[in-house]
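Spelled out from the first residue to the last, the chains are:
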There are 2 protein chains.
Amino acid sequence: MQGSMMDVPLLLSRLIDYAANHHGQTAVVARRIDGSIEHSNWQQIRSRAKTLANALLDKPFSSETRFASLTWNTNNHLEVFYAVLGIGAPLHTLNPRLTVDDLNYMIALMEDRVCFYDANTQPLAEAIAASSDHISQWIYLDEGEAMPATTLPNAVALSAFKAGFDDQLAWPSFDENDAATVCFTSGTTGRPKGVAYSHRSLTLTAMNMTMADMYGNARNGELVCAMPVAPIFHANGWMMPFSAPMNGHKLVLPGRDFTPKGIVELMEQEQVTIAGAVPTVWNDLMKEVDRRGITLPALDTALVAGTAIPERLFDELASRGIQVRTTWGMTESPGATRATLPPGASQHSDDQRRAITIGRQGRVGLHADLRIVDEDGQPLPHDGVAAGVLQVRGPTVLGRYIGESEEQTREWLDTGDIAVIYPDSTMQIVDRAKDVIKSGGEWISSPQLEAAAISHPDIELAAAIAVPHPRWQERPMLLCTLKNRDSALDADTLREHMTQHVAKWWLPEEILFIDAMPLTPTGKISKLELRKQYASRPEQSF
Amino acid sequence: MQGSMMDVPLLLSRLIDYAANHHGQTAVVARRIDGSIEHSNWQQIRSRAKTLANALLDKPFSSETRFASLTWNTNNHLEVFYAVLGIGAPLHTLNPRLTVDDLNYMIALMEDRVCFYDANTQPLAEAIAASSDHISQWIYLDEGEAMPATTLPNAVALSAFKAGFDDQLAWPSFDENDAATVCFTSGTTGRPKGVAYSHRSLTLTAMNMTMADMYGNARNGELVCAMPVAPIFHANGWMMPFSAPMNGHKLVLPGRDFTPKGIVELMEQEQVTIAGAVPTVWNDLMKEVDRRGITLPALDTALVAGTAIPERLFDELASRGIQVRTTWGMTESPGATRATLPPGASQHSDDQRRAITIGRQGRVGLHADLRIVDEDGQPLPHDGVAAGVLQVRGPTVLGRYIGESEEQTREWLDTGDIAVIYPDSTMQIVDRAKDVIKSGGEWISSPQLEAAAISHPDIELAAAIAVPHPRWQERPMLLCTLKNRDSALDADTLREHMTQHVAKWWLPEEILFIDAMPLTPTGKISKLELRKQYASRPEQSF
């Protein structure tokens, strides 16, 4: 028997409409590319998005057109989000930190046709256009300044593109399972893999992120002011571009300035109440607060993910009255665990509460179910002892990467982490199953690093492993054997060679030339052995 | 382009699995039919539900079978909820306060085949069975006692029905738009109308009910203990049978004992932190608290709906440290408005905050959008001045009543209320557009009352109107004209006659015989004129 409720899809246009209609004057504040601050509000953001949508629909673009953005956390980017998603087209948020080669690979795979760029990303855009012609329309996100000269074909300034259009538009309706934002991840082996979030999955995730179980210090009538200290091109910036309008939150975006100085300035001026960042960034922010000799009285909640929070940082935040909420997610499963303590933990001792916050990464949630399995895929108990491969499943979890066939759809997604789940459903990541390195909250792919090294004619074998790092949690270390012992190749020369293939921040600080690679019985490089020898991995390294 | 996320439906079985897996030891406490208290937990409730599901699936029952329940807020009822919904069948929660005639009408319309009943509802069940044979299997919800003798055909005790089955079962998967619980409402004209909630709509509503915006005093790690002071057969009892397991809340159910004594006893013993009730009930509960000379230190939140909260009650709750959350919903659109103050209102003065709580009924929410329209269906501004017919739309709102055709599907649902929406999106109901009476939070249908009166041979015309009542907010008043002025018919005789057709609590205390009905220009009875003459309607009558 069918239910009798309305068939109303969960579309993201509903969120911006909700915010504009019911929280229209609530501020949206962003740093421009030039560093200055732009004050807007939800009503204006919707008006801008609808005007842009009208301009897009006037061209031979449609919900079938693939759009890309190559820009930072600005109001313009937010406008582009809601314009493109509002008309039902996917928005592929490109990461300007990647190489031209990787970006072109992703653009080709997605068949992107229109790309938004800004004053900062223009050189990168031009490099992309110089080596491929996928993009037939470039749109410059101007912020009041004249559009600079460019070699980009068919480039136009946003303001000129929108000229003559108004904001009269009723958002179209379509399938909630249609693609919304698209992100690529290098979290697993090989080339970057595409994740197309759907309107449904993002709506559910944003709801999860703002349930009482996540915002465990919600206060009646408080104006929440949320700031993602992460690019919104990266897994939607803590989901805040969606959870903020859904709840009438004030939103603060750092533009392209992720320096502690820039972030703390905005936090203080705009009275940010909740921000999301990885532990190293929180550490830097607190140092900056001290350097300035200020306090941030409005800031009450630190959302922490990317890696477990070190004890010292937890105590430092607590001493400033900032509550820590640890959570866990990945591009393939954003905002997955619940960030509050288990119900009833308020009765625990301080030490008990510390123990389940420090080192753990939130609690199993509803729409992203977690389990751990042994080598045969058999579920292991949640007893705080058994460690297994962490798997995740739910309507907010990736089923198949872009380009994969229907038969490749996963029932459970392997996260590549080894985890323990405790009886109170808190989760702790204890090791990495797959061969990846997580640096400053972002993934570095070992196989790609190795391929870059091996492309040098003198290199025989190469193996990248993660080594603990006090600032970035992990950095890659590269171990190589030479084809010819007499080769004059040194680390600097090899690094220089590798810049052709991988982003600069991927380059290993340490490159060691060793005599022989340790091999497994089946002849593969034994990373286990390499890690033992070269990378001591204490559980909490700082 | 399709999104790449998992195709995982929003099913209610996921909620009980979540609670059992991650909050298995969290208590579920209910009063039995005999008045004693039963302590259970989420793990046990799931185990019971799965065992019952296995027993049901062993019979020639399936997701096509229509199930009904005729019982109160007990753990058995909760078990029946999750067993029936878990196998994908609809559960029609019958209201034991209705007449045999109405119940038979609803059972026939739904084609119910199996019905669960209890020691209290057995006489009603026998009356139903005596006058119809829709139900082919009766299941007695025993609570340790022997099953009493009954005239019901094919009756079996729950414990006997489940004997030999275990709780090994993986819940099946099916369409999230399939019917889950089914409620009938007499809120509009004519016969009761059926609302089939879907798994999707109930999941979304339960999420909404537990977002930070609803639970505006969520505390990190607190064990929320929720108690619906309303039957769970009535629009799912504040959604708590679903929102509690979804969040690992402790749940307390009052069985069939809704007396202030019974409720306060449970609140005190079980340390209820949040409860939902209509204002008159809250009033009675506070009186009972005073009578006992106790306080309820754990109780921090009073969810209030059904009607606006009177100022005196608001102050009384506040003086006890209980925060008031006003919300609004109806069977067709449960848990529709957000119960917290508008974001930023924490900066308002106390008086300002009182003004937007007292007399108003929450804020416009996300999945149930509200608007007011004029007589031509044109939207009116949300300016706090314009009053119009309140309409609601969203994935948690009824599209068409059971039995209506696809063409009858509503784009917006008329609520039958006249409301004002303020610029801060708080909503105030100022009048009733349709001809209904709301008594103690439940609807009484004027046309049904009128039809019952007119069925008496001496009555010419009959009109029921609502009059303010200090306890029940409204009670019906009946105005009649006689076919023959010489008739000896008196109020008591007419009331006695009407008991054949309507529930006892519907019967008007006041029945007036008048000389002539005031009529509109088109010849209809002018209820407007009747209300003016007989029912002064001050905005807040107590």
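In what follows, the structure referred to is the one given above.
Because the structure is predicted, anything quoted here is derived from the model rather than measured.

Novice: It is not clear to me how the overall build of chain A should be interpreted in this structure. Could you clarify?
Specialist: Each helix and strand counted, chain A has 15 helices and 23 strands in total. Along the three orthogonal principal directions, the C-alpha set of chain A runs to about 70 × 65 × 60 Å. Burial statistics for chain A: of 542 residues in total, 63% are counted as buried. For chain A, restricting intrachain contacts to residue pairs at least 6 apart in sequence, the fraction spanning at least 24 positions comes to 67%. When the accessible area of chain A is evaluated, it comes to approximately 19,500 Å², of which 48% is carbon and sulfur surface. Distance between charge centres in chain A, computed from 47 positive and 66 negative side chains, equals 3 Å.

Novice: For this particular structure, what's the right way to read the relation of the copies chain B and chain A?
Specialist: Here the two chain copies are tied together by a rotation about an axis and a shift along that axis. Each copy of the sequence occupies a distinct position, and chain B is placed on chain A by a rotation of 180° and an axial shift of 0.0 Å, giving an RMSD of 0.1 Å. Each copy turns onto its partner about a two-fold axis. Interface overlap between copies: 100% of the residues of chain B at the interface are likewise at the interface in chain A, consistent with a symmetric, same-surface contact.

Novice: How should I be thinking about the packing of helix H4 (residues 100-110) of chain A against helix H5 (residues 122-131) of chain A in this particular structure?
Specialist: Between two packed helices, both the angle of their axes relative to each other and the distance between the axes serve to describe the pair. Residues and elements named next belong to chain A. The interhelical angle for the contact between H4 and H5, taken along N-to-C directions, is 65°, at an axis separation of 10 Å. The interaxial crossing formed by H4 with H5 has right-handed handedness. Within the contact between the two elements, H4 uses Val 100, Leu 103, Asn 104 and Ile 107 and H5 uses Leu 124, Ala 127, Ile 128 and Ser 131. Split by residue class, the contact of H4 with H5 holds six nonpolar, two polar and no charged.

Novice: Would you mind going over the sheet that holds strand E17 (residues 413-421) of chain B with me for this structure?
Specialist: Sheets are built from strands paired through backbone hydrogen bonds, the pairs being either parallel or antiparallel. Residue and element names in this part refer to chain B. With antiparallel pairing, the four strands of this open sheet are ordered in space as E15-E16-E17-E18. Since the sheet does not close on itself, it has two edges, and those belong to strand E15 (369-373) and strand E18 (427-432), each with one partner. Averaged over all pairs of adjacent strands, the angle between strand axes in this sheet comes to 50°, irrespective of strand direction. Where E15 lies against strand E16 (residues 387-393), five bridges are found, and the strand directions are antiparallel. Residue pairing in the sheet places Asp 369 in a bridge with Arg 393 of E16.

What counts and what doesn't
Residues numbered from 1 in each chain as written. Chains lettered and ligands numbered in written order. Predicted model: local features only at pLDDT ≥ 70, side-chain atom pairs only at ≥ 80, totals over all residues. Heavy atoms only, no water. Helix = DSSP H or I, 4+ residues; strand = E, 2+ residues; numbered from the N terminus. Buried < 20%, exposed > 50% of the residue type's maximum accessible area, 1.4 Å probe, protein only. Contact = heavy atoms within 4.5 Å. Areas by Shrake-Rupley, 256 points an atom, 1.4 Å probe, with all protein chains shown as cover. Lys, Arg positive; Asp, Glu negative; His and termini not counted. Charge placed at Lys NZ, Arg CZ, Asp CG, Glu CD. Least-squares fit on C-alpha atoms with pLDDT ≥ 70 in both. Axes fitted to C-alpha atoms, helices over the stretch in contact; angles between N-to-C directions. Left-handed = near helix turned anticlockwise from the far one by under 90°. Nonpolar A, V, L, I, M, F, W, Y, C, P; charged D, E, K, R; others polar. Pairing = 2+ DSSP bridges.

None of this, on its own, says anything about what the molecule does.
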